[in-house]
Amino acid sequence: MGQSGRSRHQKRARAQAQLRNLEAYAAQPHSFVFARGRAGRGVRQLSLDLRRVMEPLTATRLQIRKKNTLKDCVAVAGPLGVTHFLILSKTETNIYFKLMRLPGGPTLTFRINKYTLVRDVVSSLRRHRMHEQQFAHPPLLVLNSFGPHGMHVKLMATMFQNLFPSINVHKVNLNTIKRCLLINYNPDSQELDFRHYSIKVVPVGASRGMKKLLQEKFPNMSRLQDISELLATGAGLSESEAEPDGEHNITELPQAVAGRGNMRAQQSAVRLTEIGPRMTLQLIKIQEGVGEGNVLFHSFVHKTEEELQAILAAKEEKLRLKAQRQDQQARNVQRKREQREAHRKKSLAGMKRARAGVDGDSDAEDPGVPPESEGAGQPEEEEDEAEYFRQAVGEEPDEDMFPKAAKRRRPAGPPGKKQQGKERRPGQGTDSGPPKAKGSRPQRGQTKLGRRGAAWDHRRGQARPPKKAV
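Residues numbered from 1 in each chain as written. Predicted model: local features only at pLDDT ≥ 70, side-chain atom pairs only at ≥ 80, totals over all residues. Heavy atoms only, no water.

- As annotated in an unreviewed UniProt entry, the protein carries the name Peter pan homolog and is attributed to Neovison vison.
- Per UniProt, the protein carries the Subcellular location (unreviewed entry) text "Nucleus, Nucleolus". (UniProt positions renumbered as here; feature names shortened; annotations may be inferred.)

1. Comments concerning the overall build of the protein
Consideration 1: Helix and strand counts for the protein come out as 11 helices and 14 strands.
Consideration 2: Here the protein, with 470 residues, has 26% of them falling under the buried criterion.
Consideration 3: Of the contacts made within the protein by residues no fewer than 6 positions apart, 62% connect residues no fewer than 24 positions apart.
Consideration 4: Total accessible area on the protein is roughly 33900 Å²; 52% of this is exposed by carbon and sulfur atoms. (Helix = DSSP H or I, 4+ residues; strand = E, 2+ residues; numbered from the N terminus. Buried < 20%, exposed > 50% of the residue type's maximum accessible area, 1.4 Å probe, protein only. Contact = heavy atoms within 4.5 Å. Areas by Shrake-Rupley, 256 points an atom, 1.4 Å probe, with all protein chains shown as cover.)

2. Notes on the pairing of strand 5 (residues 140–144)
Consideration 1: In this structure, strand 5 lies alongside strand 6 (residues 179–186), joined through five bridges in parallel fashion. In the strand pairing of strand 6, V142 is matched with L182. (Pairing = 2+ DSSP bridges.)

3. A short note on the nonpolar core
Consideration 1: Counting 34 residues, the largest nonpolar core has F110, M156 and L192 as the members making the most contacts within it.
Consideration 2: Discounting residues that sit within four places of it in the chain, F110 has contacts with I95, Y96, F97, L99, M156, F160, L192, L281, Q282, L283 and I284.
Consideration 3: F32, F34, L62 and F85 belong to the second-largest nonpolar core, a separate cluster that totals 11 residues. (Core = buried A, V, L, I, M, F, W, Y, C linked by side-chain atoms within 4.5 Å.)

4. Some remarks on helix 2 (residues 41–54)
Consideration 1: A rise of 1.5 Å per residue sets the reference length of helix 2, with its 14 residues, at 20 Å; its end C-alpha atoms lie 20 Å apart and thus fit the reference within 8%.
Consideration 2: Regarding helix 2, the residues found buried are V43, L46, S47, D49, L50, R51, V53 and M54. (Expected span 1.5 Å × (residues − 1).)

5. Focus on the pairing of strand 4 (residues 107–116)
Consideration 1: Bridge analysis of strand 3 (residues 95–101) against strand 4 gives six bridges, and the strand direction is antiparallel. By the bridge assignment, Y96 is partnered in strand 4 with R111.
Consideration 2: In this antiparallel pair of consecutive strands, strand 3 and strand 4, the connection spans five residues, and G105 shows a positive phi of 90°.
Consideration 3: As defined by bridge partners, strand 4 adjoins strand 10 (residues 278–287) across nine bridges and the pair is classed as antiparallel. The residue bridging T116 from the neighbouring strand is R278, located in strand 10.

6. Overview of the packing of aromatic side chains
Consideration 1: Taken as a whole, this structure holds five aromatic pairs when the rule is applied.
Consideration 2: Ring plane angle 10° and centroid distance 5.7 Å describe the contact between F32 and F85, whose orientation is recorded as stacked. Of this pair, F32 sits in strand 1 (residues 31–35) while F85 sits in strand 2 (residues 84–90), and the two are 53 residues apart along the sequence.
Consideration 3: Here F32 falls in the buried class, since its relative accessible area comes to 6%.
Consideration 4: Residue class for F85 comes out buried when judged on its relative accessible area of 0%.
Consideration 5: Measuring from ring centre to ring centre gives 5.7 Å for F34 and F85, while their planes differ by 75°; the resulting arrangement is edge-to-face. Within this pair, whereas F34 is found in strand 1, its partner F85 is found in strand 2, the two being separated by 51 residues in sequence.
Consideration 6: What makes F34 buried here is its relative accessible area of 2%.
Consideration 7: Connected via pairs of aromatic rings, a cluster forms that spans F32, F34 and F85.
Consideration 8: In this structure, R52 is placed above the aromatic ring of F135, and the distance from its NZ or CZ to the ring centre is 3.9 Å. (Phe/Tyr/Trp six-rings, centres within 6.5 Å; stacked < 30°, edge-to-face > 60°. Lys NZ or Arg CZ within 6 Å of the ring centre and 35° of its normal.)

7. Quick look at the side chain of S31
Consideration 1: With respect to the secondary-structure elements, S31 resides in strand 1.
Consideration 2: Assessed through its relative accessible area of 3%, S31 is described here as buried.
Consideration 3: Not counting chain neighbours up to four residues away, the residues in contact with S31 comprise M54, L57, T58, A59, V82, H84 and L86.

8. Details of a positive patch on the surface
Consideration 1: On the surface, K71, K315, K318, K322 and R325 cluster together into a patch of positive charge.
Consideration 2: If you tally residues by element for the positive patch, the top one is helix 8 (residues 305–358), at four residues.
Consideration 3: Mapped onto the elements of the fold, K315 is located in helix 8.
Consideration 4: For K315, a relative accessible area of 33% gives the class partly exposed. (Patch = residues over 30% accessible without salt bridge, like charges linked within 9 Å, V, L, I, M, F, W, Y side chains within 5 Å. Salt bridge = Lys/Arg side-chain N within 4 Å of Asp/Glu carboxyl O. Lys, Arg positive; Asp, Glu negative; His and termini not counted. Charge placed at Lys NZ, Arg CZ, Asp CG, Glu CD.)

9. Things to note about the pattern of salt bridges
Consideration 1: Scanning the model with the defined rule gives six salt bridges in all.
Consideration 2: With its nearest N and O atoms 2.8 Å apart, the salt bridge here joins D327 to R331. Of this pair, D327 and R331 both sit in helix 8, four residues apart, which is roughly one turn of that helix.
Consideration 3: On the basis of relative accessible area, D327 is assigned to the partly exposed category, the value being 40%.

Here it is as structure tokens:
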């Protein structure tokens, strides 16, 4: 049995082909189409229809939230390879369409004078042709009347051309061209007509009956005696099914096209069916950068040379101040960094000196506190403890409680619970206990019940059993 599956060379060729496809796809222009602000239902639906026009090189399921700014979209567009933004917005008086080139601009602002949605265009047609296979490839861009009418017209044509991938007419596959985007410029009104069509190629030179046979849906011949009746007279067919073709749409195909009868070097007719949306645009202004920058062209505002120079000087002054602030901030950051580093070095040096002066040899034993210094501070500590005992208990301490020759140093703070129990004599309470009646304090000769019911002898300091009742 031989090895099943692809060989090593086939797998390598397949991987290389996939890599080339990915590189070619990344080199093509991509776009984001979205609406900004309170655009309304109609404008948002128009943005969705524009996404259908730009497919498949656009983000079909893109969602923009209210809190997202234009900077957020630009930051996301870089890693994804997005080259253009198509933004729709609405004000109280007009609807605007902005075309932006990333990352450095320019930005073209159009005013939408009229628009029609896809559903309205399709509902007005008797027969419409729109299916999902048409949107598997980008549309064919057709620019009309973009002649020598000024630099702004030339810039508009360049921006629209860069929206879609370039086409090599000698290598293009006609089966990938299923749609057409027509943009017509009217020099008199300075308006743009935006139209979107579906392309269909049908053979010509055949009778209506033969065309019906070439269609996918076979005609009903139940009332015919022979197929010759269909081919000769076209019986049972309406006049509207044979659309008029002329020299304006008949051409010779350079290659075979998908469809019955569309052979190479044969005459075929190219038919266009509008699928929407429609827009009538008017250029308002052209700006540098992405949404902000110098105004290169404005349709309604014309400024003199002095005003332009003043605006340019103000912008340069603003940029100079911004650069000055950035320089000052950079110097402050560097100065603080140097101060922190110097402080760190100084602290480390001080810690090393202290460790060397106190520890000395790390293996040597700690000699402790000298006896003369220990004995010098004992009287003051004993006086402090005796004073604390007077304030806490309200009595004078015994003579044997604070001997002068004590060897253990006592803490300067208040004693803990265990120390308080050791320092106090049995039978003496604390300030936190309930007050006792005057004269109720037990005397040195009296007894007191201990924790387990045994009597406590204050003279001996030992517990003895209680006396039996007589």
